Number of protein chains: 2
Amino acid sequence: MTTMKEIAHRAGVSVSTVSLVLNNRDEGRVNADTAANVRAIAKAMGYRPNPLARSLRTSRTRIIGFVSEEIATTPYAGGIVLGAQDAASELGYMMITVNTDGRANEERQLAALKRYGVDGFLYAKMSNRVTTAPGGIAGYPTVIVDAVDGSGGIPSIAPDETRIGYDATRHLIDAGCRRIAYVGCAEPMLAEGLRLEGYRSALRDAGIEPDDDLAIRVWFNQPALDAVSRLFDERHPDGFFCFNDARAWYVYECAARRGLVVGRDVSVVGVDNHRVIAETFAPQLTTVELPHYEMGYWSVCRLVSLIEDRPLDDVTPPRTTAPLPPFDADGPVSIHCTLIEKDSVAHHAAA
Amino acid sequence: MTTMKEIAHRAGVSVSTVSLVLNNRDEGRVNADTAANVRAIAKAMGYRPNPLARSLRTSRTRIIGFVSEEIATTPYAGGIVLGAQDAASELGYMMITVNTDGRANEERQLAALKRYGVDGFLYAKMSNRVTTAPGGIAGYPTVIVDAVDGSGGIPSIAPDETRIGYDATRHLIDAGCRRIAYVGCAEPMLAEGLRLEGYRSALRDAGIEPDDDLAIRVWFNQPALDAVSRLFDERHPDGFFCFNDARAWYVYECAARRGLVVGRDVSVVGVDNHRVIAETFAPQLTTVELPHYEMGYWSVCRLVSLIEDRPLDDVTPPRTTAPLPPFDADGPVSIHCTLIEKDSVAHHAAA
DNA sequence: TTGTACGCGTTATCAA
DNA sequence: TTGATAACGCGTACAA
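Within each chain, residues carry numbers counting from 1 in the order of the written sequence. Throughout, the order in which chains and ligands are written sets their labels, letters from A for the former and numbers from 1 for the latter. Totals for whole chains, interfaces and linings use every residue, but because this is a predicted model, local features are given only for residues with pLDDT of at least 70 and side-chain atom pairs only at 80 or more, for both listing and counting. Note that the side-chain values use all heavy atoms of the structure and ignore hydrogens as well as water.

- If you look chain A up in an unreviewed UniProt entry, it shows as LacI family DNA-binding transcriptional regulator from Bifidobacterium phasiani.

Here's what the structure looks like:
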């Protein structure tokens, strides 16, 4: 590790001069030639600033604390963490991730992070819900990921759940389906209600009155399979909007047992085709993909813009993928999710 | 953040005395009373050392770098990361996790970690294979997780794959099965060959000559389902040992379509019943559980023992769960996996 | 038994 | 335009 002192020695100048130059504060304060020389030497010696020493002075570490209760418990976490890490890396930040199990060790973990001098926090849930950030976070720049702040005031980023329901249902309507079922999730989740709402709006907008018997909410395993079976036999839906991968499976399974081919006899649109369908039935599910990676990525951009008090456009590295959501709003931000079309929807003229 | 200086001021002593006391270096060097006083004040003021400042002096950060290519791509990662984080937390360490996508940005990420002064590395794969740690890691204390070091010399921790195959097969034999099939994985993996080996040994030990037609290796989806279907129809196995959750699903599905009840008509033992079976068929699969959490936990203990050059027993916090593997060996360590019995195995007298 | 002085690598202030 | 000098919080050799 080469230090400023060594560079100063080699360049025959003082450490302060080196510091000025290497921090680009030499504009009109250091002779252009000496500056160039210092830069050249620094480059030749492969100088990289020591973040610890810098932090000791500036009390800024360029470390972000990623706090979550459920990093380990859901397969989606990976996407968020990865996106966050990528953004952090591109912006010159590091991320320390900690997993809190409930409020128990939460404050202890937060205290540790604070001692390490993190510049801000990402507080992540793994499915959209109303949450309230732990008290210890107060006063630190914070962004809530995949949830909305119950107490208000903290910016958050989450999928636009209503629109997910709307778009999925709309897609089925456009394909000619008229008896569209919703296979929801029996656990109380924000997403559940909102997607149902979107599903209903789409139907109404298309002049179809929602039929409550077509919308069910199921848990897992046999009871879920039984419920979907009844739905098949009693209401004969021609399209299904499924809350998630596991719910879509029940539809695929029921269809298979009745000799119905998904994508020909019945149409299915799901959310976030993650593993179950992909590994069991053919990976053909038309899905609205939850932007986990993007949420992670964008939340870090937003957090850094808070930390460094710079406009968001300024800190956001150029990206070739999806456009940015309207970050300027200081409250919660809903991210639009895109529908990925596979061959689980039969496109035929309207009946 | 209260500092040593403040404590020194309040105690009416110098900073060095405080430092001596708070680092437990006061044995016979500081008056017992002053020491006690200093400790009391430190406690009252809630003193916590500033890790940054300390690191600047000691060039030790108590930060561990967790490096992996696939944190995001597998649902198992969570368990390893969580276990590692727990151990780190209990041992007073922090973990910075980075996800490298191939060798491309790997060295850049490693360089960043090194600049932040990590004390050592965890290099993790998400399924047991022969690997070789990146060059940039050389010279740092390192432990390889869920893989074995190809070039030797670096300690590693991975499941005992052969024994997984042996135990699972043995369990089926003990339950009375005689035509035991192996549904393996067509991808080339270390685990695949080793589990097959264990499967064969168990059969031979029971006086059953392995029948090659009973051991198949499949990919995913329809082709896999077809292969397992043929297996059912042509060889009529009474027991199945399945490489993983997804492979077990094909067996459940084929059984269901033939009216056979798993746990009554056929027996199934799998590995790591993760999500597929649990969310689709009832979560009843008898499995050999891969100790992801334990691997993470133990690897950190081992790494810390390397970093601090202390015997492993010394750094390992007391645990109530499984016993420690034989860490003393300096090469690869195989962790024994335990079989969790659910009701997917029909226990009947041998035919 | 305690305090002084210095260094870790940086940044910031101020005087030259 | 440049360079001492102090400070960030801590650890430690050495002097008192």
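### Section: the overall build of chain A
- Scanning chain A for helices and strands turns up 13 helices and 14 strands.
- Computation of the radius of gyration draws on C-alpha atoms alone. For the globule rule, the value is 2.2 Å times the number of residues to the power 0.38. By the compact-globule yardstick of 20 Å for 351 residues, chain A is too spread out, its C-alpha radius of gyration being 26 Å.
- Considering only C-alpha atoms, chain A reaches an extent of 85 × 45 × 35 Å along its principal axes.
- When a residue's accessible area, from a 1.4 Å probe over protein chains only, is under 20% of the maximum for its type it is buried; when over 50% it is exposed; and in between it is partly exposed. Expressed as a percentage of its 351 residues, the buried residues of chain A come to 56%.
- In what follows, a contact means two residues having at least one pair of non-hydrogen atoms within 4.5 Å. The contacts in chain A between residues at least 6 apart in sequence include a share of 68% that link residues at least 24 apart.
- For chain A, the computed accessible surface area is about 14,800 Å², with 50% contributed by carbon and sulfur atoms.
- Lys and Arg are tallied as positive, Asp and Glu as negative. Neither His nor the chain termini are counted. A charged residue contributes its charge at one atom only: NZ of Lys, CZ of Arg, CG of Asp or CD of Glu. Each charge class in chain A was averaged separately, 36 positive and 45 negative side chains, and the resulting centres sit 7 Å apart. Comment: elements are numbered from the N terminus, with helices defined as DSSP H or I runs of at least four residues and strands as E runs of at least two. In this description, accessible areas are obtained by the Shrake-Rupley approach with a 1.4 Å probe, and a residue is regarded as covered only by the protein chains that are shown.

### Considering the protein's contact with DNA strand C
- The criterion for a residue being near a molecule or strand is simple. One of its heavy atoms has to lie within 4 Å of it. DNA strand C sits among 26 residues. The nearest are A:R57, B:S16, B:R29, B:N31 and B:R57.
- For DNA strand C, the fraction of atoms within 4 Å of the protein that belong to sugar or phosphate moieties is 64%.
- The definition of a polar contact used here is a pair of N or O atoms within 3.5 Å, where within protein one atom must be able to donate a hydrogen and the other to accept one, and adjacent residues in sequence count solely through side-chain atom pairs. In this structure, A:N50 approaches DNA strand C through a main-chain N or O atom, which is 3.1 Å from a phosphate oxygen.
- Note that a base nitrogen of DNA strand C is positioned 3.3 Å from one of the backbone N or O atoms of A:A53.
- Put simply, the parts of the chain that give the surface near DNA strand C at least two residues each are α1 (4–11), α2 (15–22) and α4 (51–58) of chain A together with α2 (15–22) and α4 (51–58) of chain B.

### Brief notes about the protein's contact with DNA strand D
- Taken together, 27 residues lie near DNA strand D, and A:N31, A:R57, B:M4, B:Y47 and B:R54 sit nearest.
- In this structure, A:R57 approaches DNA strand D through a side-chain N or O atom, which is 2.4 Å from a base nitrogen.
- The biggest single contributor to the surface near DNA strand D is α4(B), with 5 residues.
- Looking at the surface near DNA strand D, its residues break down into 8 nonpolar, 13 polar and 6 charged. The nonpolar class holds Ala, Val, Leu, Ile, Met, Phe, Trp, Tyr, Cys and Pro. Asp, Glu, Lys and Arg form the charged class, and all remaining residues, Gly among them, are polar.

### What to know about the relation of the copies chain B and chain A
- Least-squares fitting of chain B to chain A yields an RMSD of 0.1 Å, with the superposition described by an axial translation of 0.1 Å and a rotation of 180°. On the angle and the small slide along the axis, the relation comes out as a two-fold axis.
- Interface residue correspondence from chain B to chain A reaches 100%, placing this contact among same-surface, isologous pairings. All copies are superposed by least squares; the fitting set is the C-alpha atoms of residues with a pLDDT of at least 70 in both.

### Here's the deal with α4(A)
- Taken together, the buried positions of α4(A) are A:P51, A:L52 and A:S55. Across the axial projection of α4(A), the buried residues extend over an arc of 95°, all falling on one side.
- Buried-residue contacts for α4(A) involve α4 and α6 (102–115) of chain B.
- Where α4(A) begins, the capping side chain belongs to A:N50, and its oxygen is found 2.8 Å from the backbone nitrogen of A:L52.
- Two residues or fewer after α4(A) comes A:S59, characterised by a positive phi angle close to 50°. Think of it as the arc spanned by the lines of direction from the helix axis to the C-beta atoms.

### Notes on the interface of chain B and chain A
- At the interface, 51 residues of chain B touch 52 residues of chain A.
- Accessible area that two parts lose when put together, with a 1.4 Å probe and added across both, is what the buried area reports. Each partner contributes to the roughly 4,500 Å² buried at the junction of chain B and chain A, and carbon and sulfur atoms together form 63% of this total.
- For this document, the term salt bridge refers to a Lys or Arg side-chain nitrogen within 4 Å of an Asp or Glu carboxyl oxygen. Applying the counting rule to chain B against chain A returns 0 salt bridges.
- The interface formed by chain B and chain A contains 12 residue pairs in polar contact (both at pLDDT 80 or more).

### Re the packing of α2(B) against helix α3 (residues 32–44) of chain B
All names here are of chain B.
- To get an axis, a line is fitted to the C-alpha atoms, and for a helix only the part in contact is used. The angle between two axes follows their N-to-C directions and goes from 0 to 180 degrees. α3 packs onto α2 with a crossing angle of 85° between their chain directions and a minimal axis gap of 10 Å. Taken as axis vectors, α2 and α3 run roughly perpendicular relative to one another. Touching V18, V21 and L22 of α2 are A35, V38, R39 and A42, all from α3.
- Residues of the contact of α2 with α3, tallied by class, amount to 6 nonpolar, no polar and 1 charged. By the definition adopted for this analysis, an angle is roughly parallel if under 35 degrees, roughly antiparallel if over 145, roughly perpendicular if from 65 to 115, and oblique otherwise.

### Structural notes on the sheet that holds strand β10 (residues 239–242) of chain B
All names here are of chain B.
- Two strands pair under a simple rule: DSSP has to find at least two bridges between them. Pairing is mixed across the open sheet formed by 6 strands, whose spatial order is β9-β8-β10-β11-β12-β14. Edge positions in the sheet fall to β9 (215–218) and β14 (339–340), since each of these pairs with one other strand and no more.
- As defined by bridge partners, strand β8 (residues 180–185) adjoins β10 across 4 bridges and the pair is classed as parallel. Looking at the pairing, Y182 lines up with F241 of β10.
- Taken strand by strand, helix α7 (residues 161–174) contacts β8, β10, β11 (267–271), β12 (286–288) and β14, and its axis lies near 165° from that of β10.

### Some remarks on the domain arrangement of chain A
All names here are of chain A.
- As far as domains go, chain A holds domain 1 (4–48), domain 2 (58–159 + 294–335) and domain 3 (161–290).
- Boundaries between domains were set according to an automatic or database domain assignment. With centres defined by C-alpha atoms, the gap from domain 2 to domain 3 works out at 32 Å.
- The partner domain 3 presents 8 residues to the 8 residues of domain 2 that form the contact.
- Between domain 2 and domain 3 lies a buried interface of about 660 Å² when both sides are counted; carbon and sulfur atoms form 65% of it.
- Counting across the interface, domain 2 meets domain 3 through 0 salt bridges.
- One can count 1 residue pair in polar contact (both at pLDDT 80 or more) joining domain 2 with domain 3.

### What about the layout of surface pockets?
- Here the term cavity refers to a set of points on a 1 Å grid, laid over the protein atoms alone, in which a 1.4 Å probe fits but cannot get out; the term pocket refers to an open set having protein on both sides within 12 Å along at least five of seven lines, with lining residues being those that place an atom within 4 Å of a point. Grid points are joined across faces, edges and corners, and a volume is the space filled by probe spheres set on the points. By volume, the largest pocket is sized at about 1,600 Å³.
- If you go around the largest pocket, you meet 47 residues; those closest to its centre are B:R48, B:P49, B:N50, B:P51 and B:R54.
- Put simply, the parts of the chain that give the lining of the largest pocket at least two residues each are α4 and α6 (103–115) of chain A together with α1 (4–11), α2, α3 and α4 of chain B.
- At 7 residues, α4(B) tops the list of elements feeding residues into the lining of the largest pocket.
- Classifying every residue of the lining of the largest pocket by side-chain character gives 17 nonpolar, 16 polar and 14 charged.
- Taken as a whole, the second largest pocket spans an internal volume of roughly 1,100 Å³.
- In this structure, the second largest pocket is lined by 36 residues; those nearest its centre are A:P49, A:N50, A:P51, A:A53 and A:R54.
- When contributions to the lining of the second largest pocket are tallied by element, the ones reaching two or more residues are α1, α2 and α4 of chain A together with α4 and α6 of chain B.
- If you tally residues by element for the lining of the second largest pocket, the top one is α4(A), at 7 residues.
- Of the residues in the lining of the second largest pocket, the class split is 16 nonpolar, 11 polar and 9 charged.

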